[in-house]
Amino acid sequence: WVAEQLMSQAASLGLPVTVYRPGNIGPHQVTQYSNPDDLSALIWGACAREGRAPQDTGWHFEVSPVDVISTMIVGIAQLNSPRAYYHLVHPITLDADQLFAEWRAKGWLSAEEITWREWRKLLMSSSDPASRVLGASLHHFNQLLTSEDRFSVKHLTVDLPECSHFYEVPPSLEGYFNQLFSIK
C-alpha cells in the first residue's frame, strides 16, 4: 500500500508510472522452479511429504507461472501508453479439493480423507520442520485460501492480446506436480 501511494505521488508529478500487481507467482512452465516459500508451494510440499491432504477445504489456488508473469511485465513495459495498474493474476483458480482428489486417484496420497483441521494437526506433529510451521500458521491463511475475490484482467488481455490465450485455460502445473511427488 505504501509503495503504491508513493508511485501515485510520482505520477501526480508527471513521472510515467505503471504498477504491477502480481498474484501468486507459480512454477516456471519449463524448469518447474518455484519459490519454495510460496503458500501454495508450502501446502503442496506438505501434501507430498506427509502423503495426505485435506478434503472439503473450499480452498482455491490462484497461480500464474513465473515465466508468463515475466513475459507480461516485459510486454507491458514495451507499450507506448501503458495503463497505471495491471493485475497479473490468473482468473481461473485451481480447486484444491479437486486437485487433492486427483492426487489420491494417482496414488500420490493416501486414499483416506481427512478434514483440514485433522490435516493441520498431522502437520503440527510432523517430524518435518516446514510441515510444523505450516500447520501452526495454517489457520491464518484459511480465509485467504477460501476467498472468492477475483481481479479483472480485462485491461491486460486488451493491451497484450498475444498473452490472452494464457487466461483461457487453468494454469498447467502437471510437470511441477510430477516432479514434486517423484521427490517424495
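**Overview of the overall build of the chain**
The helix and strand inventory of the chain stands at eight helices and six strands. Along the chain, from the amino end to the carboxyl end, the secondary structure elements read α-β-β-α-β-β-α-β-β-α-α-α-α-α. In terms of overall dimensions, the chain has C-alpha extents of about 60 × 30 × 25 Å along its principal axes. For the chain, long-range pairs separated by at least 24 residues make up 79% of all intrachain contacts whose partners lie at least 6 apart in sequence. For the chain, the exposed area adds up to about 10,300 Å²; of that, 56% sits on carbon and sulfur atoms.

**Some thoughts on the packing of aromatic side chains**
Under the definition given, this model contains twelve aromatic pairs. A centroid spacing of 4.6 Å and a plane angle of 15° characterise the contact between Trp108 and Phe181, whose relative ring orientation is stacked. Of the two residues, Trp108 sits in the loop between α4 (96–105) and α5 (116–124) while Phe181 sits in helix α8 (residues 174–183), which places them 73 residues apart along the sequence. Across this residue pair, the class does not change: Trp108 and Phe181 are buried. Every member of this aromatic cluster is reached through a ring pair, and the members are Trp44, Phe61, Phe100, Trp103, Trp108, Tyr176, Phe177 and Phe181.

**Topic: the confidence of the model for the chain**
The pLDDT averaged across the chain works out to 90; a share of 99% of its residues lies at or above 70. Per-residue pLDDT, averaged within each element of the chain, yields its smallest value for helix α7 (residues 154–159) (85) and its largest for α4 (95).

**Topic: α4**
When we look at burial in α4, the residues that qualify are Ala96, Leu99, Phe100, Trp103 and Arg104. The arc that holds every buried residue of α4, seen down its axis, measures 140°, which confines them to one face. Two to three positions downstream of the cap, the backbone nitrogen of Asp97 sits 3.0 Å from a side-chain oxygen, assigning the N-cap of α4 to Asp95. Two residues or fewer after α4 comes Gly107, characterised by a positive phi angle close to 80°.

**Topic: the pairing of strand β5 (residues 85–88)**
Only one face of β5 is buried: it carries Tyr86 and Leu88, and the other face, with Tyr85 and His87, is open. Pairing analysis gives four bridges linking strand β1 (residues 19–22) to β5, with the strands arranged parallel. Looking at the pairing, Tyr20 lines up with Tyr86 of β5.

**Let's talk about the nonpolar core**
Membership of the largest hydrophobic core comes to 30 residues, with the highest contact counts inside it found for Ile43, Trp44, Trp59, Phe61, Trp103 and Trp119. Of all the secondary structure elements, the ones that give two or more residues to this core are α2 (39–50), α4, α5, α6 (129–146) and α8. It is α2 that contributes the most residues to this core, seven residues altogether. Once you skip the residues sitting within four places of it in the chain, Ile43 turns out to touch Trp59, Phe61, Phe100, Trp119, Leu134, Leu138 and Leu145. The next biggest cluster of nonpolar side chains, apart from the first, holds 13 residues, and it includes Ile76, Val89, Val153 and Phe166.

**Here's the deal with the environment of Ala105**
Position of Ala105 among the secondary structure elements: in helix α4. Expressed as a C-alpha distance, the spacing of Ala105 and Val89, which sit 16 residues apart in the sequence, is 29 Å.

What counts, and where the lines are drawn
- Residues numbered from 1 in each chain as written.
- Predicted model: local features only at pLDDT ≥ 70, side-chain atom pairs only at ≥ 80, totals over all residues.
- Heavy atoms only, no water.
- Helix = DSSP H or I, 4+ residues; strand = E, 2+ residues; numbered from the N terminus.
- Contact = heavy atoms within 4.5 Å.
- Areas by Shrake-Rupley, 256 points an atom, 1.4 Å probe, with all protein chains shown as cover.
- Phe/Tyr/Trp six-rings, centres within 6.5 Å; stacked < 30°, edge-to-face > 60°.
- Buried < 20%, exposed > 50% of the residue type's maximum accessible area, 1.4 Å probe, protein only.
- pLDDT = per-residue confidence, 0-100.
- Arc of directions from axis to C-beta.
- Polar contact = N/O pair within 3.5 Å; in protein donor to acceptor, adjacent residues only side chain to side chain.
- Pairing = 2+ DSSP bridges.
- Core = buried A, V, L, I, M, F, W, Y, C linked by side-chain atoms within 4.5 Å.

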